[in-house]
Amino acid sequence: MIFMISAIAALSLGGLLLSLDPSKPHVEKPKPSDAAGGHGHLLPPKPHRSGDKYVLDPNWDFSAPSQVREFEWTITDGEGKPDGVHRPMMMINDEFPGPLIEINEGDVVSVKVVNKASNATAIHWHGIYQNGTNWMDGAAGVTQCPIAPGQSFQYKFNVTRQSGTYFYHGHQGVQALDGLVGPMVVHSRQEGARPRIAYSSDRIILLQDWYYDQASGLMRQVLSPGVEDAPIPNTALMNGVNKAVCSDHPKRECSDVKIASLPKMHVVPGETHRLRFINAGGFAWFQVAVDNHSDLQVIEADGTVVEPTQGSPLLIAPGQRYSAVLKADQGDGAFWLRARMVTSCFAEQKLPENGIDEAKAIVRYTKTLHSRHGGHDEDDDDDDEDDEDDDDDDDDDDDDDDDDDDDDDENEDDDDEDDDDKHGDDKGRPGLPQTSSDFPFIPICRDLNTTTPLKPSPPQPAPRVADHSWYLRVNLAIGDWRLQRGVLNASSFRPNLKNPTLHRVLDGLAENNKSFAVEGINTAAFDGTSEFVISSNKVETVDVILQNMDENSHPFHLHGTQMWVLGAGHGYFPGYEALGLQPEGKGLLDPANDTVVRNPLKRDTVTAQGFGWALLRFVADNPGAWLFHCHVIWHSEAGMGMQFLSRLDKMRDMKVPAEARKLCDAPEDELRKGAPPKDEIFYGFGNT
C-alpha cells in the first residue's frame, strides 16, 4: 500500500530572545501594538520579557460573573535560544512559551490569531471539549482549514462543564516543536473554597523536549524512505528554559544562559504548593520529582480531580497533565525540582551533541508568600527576584550589542558566575541547590495510573454497557518505497487541508447525501486507507481497544471529550471477560461486581504501552468530528490517527460560520505550508 501525506514548505524564521514567563491574561483585549511587540522592523523584534512568573494570581476571583476573556495574538517567525543554542522558532506576541490563558469555568475565550509567519497554522485547545463549537477545535484538515500566511482568524468558544490544567499548541505539522505552545488554566467555581489539601501557591510547570534543528526539517527526514526511528531531542526545557554548555556545541551559535534565568519557586516551611505539570513536548516522557521531598500528592489528571495520591516521581506522557501538591517539609535550604526525559524509551539513550536530558527549577525556602488559601503576606525582599531582574536588564542591554561580543564576554565569566551561584555571592544572595536525585530506572513508558491508582473525586462511574466496541491495531508499518507510516488497522491518516472533514460532512448531510449518514465504520464517504472514520447517529457509549503491535508506547489523545480507562497492560488484550465484563462490553459478568466501572480514571490522553493494550470507554454525545491520534508528534504526522463523528442527528443542524469557511478560500499551496510532505515526493527513492 502506498501511503499519502500532505505537503510541506520549509520554515523560514527570524530572531528572538526568550521571554521566560508569559504575560497574564486580561479581561480587556490587549492593544495589538503592545501585544505584537512592534512588528515591521527590519531587525527581528525584541521579545516581551514579563516580570510575571508562571504563578497564578493569588487574588483570582473564582466567583466572578462569566465573561468574555479577549486576547489578540500575532504569530511570527523568529530566532530563540531557550538554553543558549540559537535556532529558528515560531512565537506568539514575541514570546516563548506563549501567553498564559487563565479563566473561570463558564467564561468565553476569544483569541484573534494574526498569522504573520511564513507557514500556515492552526491552534488546538488541548483538552477543551468545544461543545457546540467543533469548528474552533483547531485540528487542521479535520475541523478547519489552516490560517494561511497573512490571514487571521478569531477563535471564540465557551468553556463549560470542565476545569483544570490544559494547554494549546499549533496543530499544523510539527509547529508545537518550533515554539507554538502555551499553558491554559480553567478554574472551577468551587476552587475558591478550601480544598481537601489547601495550598499556598499555584503555578504552572511547562515541560517539553527540545530540538536544535528546525522541526519541519526533521519531519521531512522522519518521513523519508528507510527511516524507522524518531529523532532524539537535544535537551529538555522547563517553562521554556535550560542552560546548555556552549563548549559542547562548537558548530552552533550559542550564548550562555545565566543561572538566574532558571525557573524559581519560593516555598514556606510546612506549607503546601500546587504544581500544574504539563508535558507539551512532542516525543519525550518525563519523570518529575523534587530532591529530598517525597510528599508530592497528585490531585488532578488531565482536568479530572482525583483523590490525593502519593505520586513521586511523576511519569508524564506527551499531552498529559498532572496537578500535584508539594509539601515543603524540609524546613530550610534550596532544592532542585527536576524533570528528566525517560531516555530508555528512545531508540538511543545518549542524546545528540552531549545533550542534557534534564530541566530544573530552584525550590528555595523563604519566610512568607501570598497565599491562595490562607493569609500570608508577600515577601518583598526577594533576593532571587532582584538577581533575576538584574540579569534581565543585562540581557536587554546586551541585545543592543554585537552577539559575538556578548558571547565572548559571557563565556569568559562562566567560571566565576558558576562559582558564585554554587556558594552564594558577596551581596549575600543565596547559591544554587547542592542536592542530588535518585530517579528509578524506567524500562518502559506507561501511564502513571497503571502503577499508582488514581480515583476521580467525586466518583465518575463509567457506563456499564457499551453500544459499540472497536478494535484498533496500532503500529508503525513500512509500505511502498520503504516509507514508514503510522497505521490504525489498515489506515494511515491524511488530513484534507483544503476541504476539512467537518465541512464535507455538514455539506453532505445538508444535501441528504446518504453516504455521510452511514453509522459505524464509514467507507462510503471516506477513503478508508487515508481517513478512518467511525460514526454515531445518537448518544452512544463507545469502547476502543487499542492493541499496540509496536515497541514504542503511544499516548492517544481524543479531541472533544474524555475517556474512562477500564484497563491497560502488556501483551495482548486479555478479553472483556478477564476484566469482569461481558463480550463486546455489553454489561458486567456479575452485576454485583462493578469494580471495573465503579470509578476508573477519566482523562483525554491515554497510553497503549509498547506491545501492550488499553481498553477505553467514552460517551459520544458531543456533536462533531473529533480527531483521535497518537500525541507523539512524529507518529501523528506519519498518519497515526483516525476520526469519530458523534451525534450525526445533531450535526444535521450545525453550520460552520462564514469566517471559518473563508479560511478555505486561500490557495491550496498556501494552506499546505508547514504541513508534512506528500508521500509522492519520495517515490522512486526506495525499493518496492
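Residues numbered from 1 in each chain as written. Predicted model: local features only at pLDDT ≥ 70, side-chain atom pairs only at ≥ 80, totals over all residues. Heavy atoms only, no water.

Student: Before we go on, may I ask you to explain the environment of H86 in this structure?
Tutor: Structurally, H86 is set in the loop between strand 1 (68-80) and strand 2 (87-92). Taking the C-alpha atoms as reference points, H86 and D213, separated by 127 residues in sequence, lie 9.5 Å from one another. With residues up to four places along the chain from it excluded, the contact list for H86 reads E79, G80, K81, E253, C254 and S255. Of note is the side chain of H86, whose polar atom sits 3.0 Å from the side chain of E79. Of the polar contacts made by the side chain of H86, one reaches the side chain of S255; its length is 2.8 Å. (Helix = DSSP H or I, 4+ residues; strand = E, 2+ residues; numbered from the N terminus. Contact = heavy atoms within 4.5 Å. Polar contact = N/O pair within 3.5 Å; in protein donor to acceptor, adjacent residues only side chain to side chain.)

Student: Honestly, helix 6 (residues 501-510) in this entry has me stumped. Any pointers?
Tutor: Side chains of residues three or four places apart in an α-helix project in the same direction, reflecting 3.6 residues per turn. Across the 10 residues that make up helix 6, a large majority, eight, are buried. T501, L502, H503, R504, V505, L506, G508 and L509 are the residues of helix 6 that are buried. Tucked into the core, helix 6 has its buried residues touching strand 30 (624-630), strand 31 (641-646), helix 9 (648-651) and helix 10 (658-662). (Buried < 20%, exposed > 50% of the residue type's maximum accessible area, 1.4 Å probe, protein only.)

Student: Quick question: what am I supposed to make of the sheet that holds strand 8 (residues 181-187) here?
Tutor: What holds strands together in a sheet is hydrogen bonding between their backbones, with the strands either parallel or antiparallel. With respect to topology, four strands assemble into an open sheet ordered 3-8-7-5, the strand pairing being mixed. The open sheet terminates on both sides in strands that have one partner only, identified here as strand 3 (101-104) and strand 5 (123-126). Strand-to-strand twist in this sheet, taken as the mean axis angle between neighbours without regard to direction, amounts to 20 degrees. As paired elements, strand 7 (residues 164-170) and strand 8 share six bridges and run antiparallel to each other. Following the sheet pairing, Y166 is matched in strand 8 by M184. (Pairing = 2+ DSSP bridges. Axes fitted to C-alpha atoms, helices over the stretch in contact; angles between N-to-C directions.)

Student: Is there a simple way to think about the sheet that holds strand 9 (residues 201-210) in this case?
Tutor: The six strands are arranged 10-9-12-17-14-15 in an open sheet whose pairing can be described as mixed. Looking at strand neighbours, the two that pair on one side only are strand 10 (235-238) and strand 15 (304-310), the edges of this open sheet. The sheet shows a mean angle of 25 degrees between the axes of neighbouring strands, taken without regard to direction. Looking at chain direction, strand 14 (residues 296-301) and strand 15 are connected through four bridges and run antiparallel. Of the residues in strand 15, the one forming a bridge with E300 is V305.

Student: Before we go on, may I ask you to explain the state of the cysteines in this structure?
Tutor: Chemically, a disulfide is nothing more than a covalent bond linking the sulfur atoms of two cysteines. Applying the stated criterion across every chain, the model contains three disulfides. Across the disulfide, C145 is cross-linked to C664 (sulfur-sulfur distance 2.0 Å). Across the S-S bond linking C145 and C664, the dihedral sits near 100 degrees, which makes this disulfide right-handed. A residue pair is termed long-range when its members are at least 10 positions apart, and C145 in the loop between strand 5 and strand 6 (152-158) and C664 in the loop between helix 10 and helix 11 (668-671) qualify at 519 residues. Overall, the relative accessible area of 0% leaves C145 in the buried class. Here C345 pairs with C445 through a disulfide, and the sulfurs are 2.0 Å apart. Measuring handedness by torsion sign, the sulfur bridge of C345 and C445 sits at about 120 degrees and is right-handed. Taken together, the residues span a long stretch of sequence, with C345 in the loop between strand 18 (334-341) and strand 19 (358-365) and C445 in the loop between helix 5 (414-423) and strand 20 (468-478) at a distance of 100 residues. The class for C345 is partly exposed, based on a relative accessible area of 23%. The disulfide pattern of the protein chain is 1-6, 2-3, 4-5 when the bonded cysteines are numbered in sequence order. (Disulfide = S-S within 2.5 Å.)

Student: I keep staring at unusual backbone geometry and nothing clicks. Help me out?
Tutor: Here the bond from F96 into P97 is cis, since omega is -10 degrees, no more than 30 degrees from zero. As for its position among the elements, P97 is in the loop between strand 2 and strand 3. Although it is not a glycine, W481 sits at a positive phi angle of roughly 60 degrees. Positionally, W481 belongs in the loop between strand 20 and strand 21 (484-488). Unusually for a residue other than glycine, R482 sits at a positive phi of about 60 degrees. Note on placement: R482 falls in the loop between strand 20 and strand 21. A relative accessible area of 36% places R482 in the partly exposed class.

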